[in-house]
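Take a look at the letters that make up each chain.
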Amino acid sequence: MTNCQVTTTENKSLEQNNKKQDVKATARRQTVFPRYKLNTDDHGYELKVLVPGVSKESLQLEVEGGRLSLKGIAQEPGWEQFRRVHAEFETTDYQAVFTIPKEIDTESVEAKLVQGILTVRLPKRESEKARKIQVVSG
Amino acid sequence: MFRLLDTPVFLDHPFRELNRLQETLRHFGRHESSSFRNADLPLNLYLSDNEARLAVVLPGWNAEWIDLTVDGNRLFLKGEVPEGESLPVEGLSTTFQRSVNLPFQIDAEQVSANYTNGVLSITALRLESDKPKQIQVELG
């Protein structure tokens, strides 16, 4: 038994490989609505979207008119010279539109993509946050 | 019968095994691979004469949590989210175990794995001594 090292690197060659096929690949590929989770707290909302295979560069995120739209192109492995002998998944692209509440401060929306999981932080406007009101005894 | 893949095991979800069984029954009689189609951490296997490539969808993992072992013609893939750590999204499997039987012996020194954008890619090369050799036929 030999242990093998698993490394994380920017896969540049993979990207280069894919540039040529992008046009052809996206034409016949399926686009799906990604799996997501929405959490909420006092400060706002946190949206987590599963987009495995999508790199930061091939992900588009837009906030406009109360909508958050997402589009992600997943990378094909680019292994055409191999026979695919077993398949449990197909490379799919992702597209989704979420309606966001008015209380969200669209200027300070933040997004982070880590290993196929996109986290979008949607903070509430300062004026919309719950305020504690001091009760004064008279 | 020679099988390339084992059945996936998801240790943290006992019901998942049951679901998988149902899924297998649903696909009974069809091609073998279709029974895993709804597995949480799907795997694709690609082969050429002297090389095998694997792609596993593992969103949100950390490369250190994945353990890859080679034994003869078998590739073992194991993953566990360590205690105190968690995946960024709740509800995903936190342990998994898969093994792949390749049709040739693997050169353990030449196995490489890369984890990018939530997809684990593994390359395994055939052992030099396992490759077919041409034998010269001599005239007697």
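Residues numbered from 1 in each chain as written. Chains lettered and ligands numbered in written order. Predicted model: local features only at pLDDT ≥ 70, side-chain atom pairs only at ≥ 80, totals over all residues. Heavy atoms only, no water.

**Some words on the overall build of chain A**
When helices and strands are tallied, chain A shows one helix and eleven strands. Going residue by residue from the N terminus, the α and β elements of chain A occur as β-β-α-β-β-β-β-β-β-β-β-β. Looking at chain A as a whole, 38% of its 138 residues are labelled buried. Across chain A, contacts joining residues at least 24 apart in sequence account for 58% of those joining residues at least 6 apart. (Helix = DSSP H or I, 4+ residues; strand = E, 2+ residues; numbered from the N terminus. Buried < 20%, exposed > 50% of the residue type's maximum accessible area, 1.4 Å probe, protein only. Contact = heavy atoms within 4.5 Å.)

**Topic: the environment of Ser137 of chain A**
Residue and element names in this part refer to chain A. Its place among the elements puts Ser137 in the segment after β11 (117-123). Judged by its relative accessible area of 71%, Ser137 is exposed. As for Ser137 and Pro52, which are separated by 85 residues in sequence, their C-alpha atoms are 57 Å apart.

**Here's the deal with the interface of chain B and chain A**
The interface is formed by 47 residues belonging to chain B together with 34 residues belonging to chain A. A per-residue breakdown of the area chain B buries against chain A is headed by Asn44, Tyr46 and Asn117 of chain B, which together make up 16% of the total. Counting the contacts that link chain B with chain A gives one salt bridge. For the salt bridge of Arg98 of chain B with Glu88 of chain A, the shortest nitrogen-to-oxygen distance reads 2.9 Å. Our count for the contact surface shared by chain B and chain A stands at 14 residue pairs in polar contact (both at pLDDT 80 or more). Taken together, the elements giving at least two residues each to the side of chain B that touches chain A come down to β1 (43-47), β2 (51-57), β3 (66-71), β6 (112-116) and β7 (119-125) of chain B. Looking at which element gives the most residues to the side of chain B that touches chain A, the answer is β3 of chain B, with six residues. Note that strand β8 (residues 83-87) of chain A and β1 of chain B share four bridges and pair antiparallel. The residue bridging Arg84 of chain A from the neighbouring strand is Tyr46 of chain B, located in β1 of chain B. (Buried area = accessible area lost by both parts, 1.4 Å probe. Salt bridge = Lys/Arg side-chain N within 4 Å of Asp/Glu carboxyl O. Polar contact = N/O pair within 3.5 Å; in protein donor to acceptor, adjacent residues only side chain to side chain. Pairing = 2+ DSSP bridges.)

**Let's talk about the pairing of β3 of chain B**
Residues and elements named next belong to chain B. With six bridges connecting them, β3 and strand β4 (residues 74-80) associate as antiparallel partners. Note that in β4 the partner of Asp71 across the bridge is Arg74. A loop of two residues connects β3 with β4, the two strands running antiparallel in sequence, and Gly72 in this loop sits at a positive phi of about 65°.

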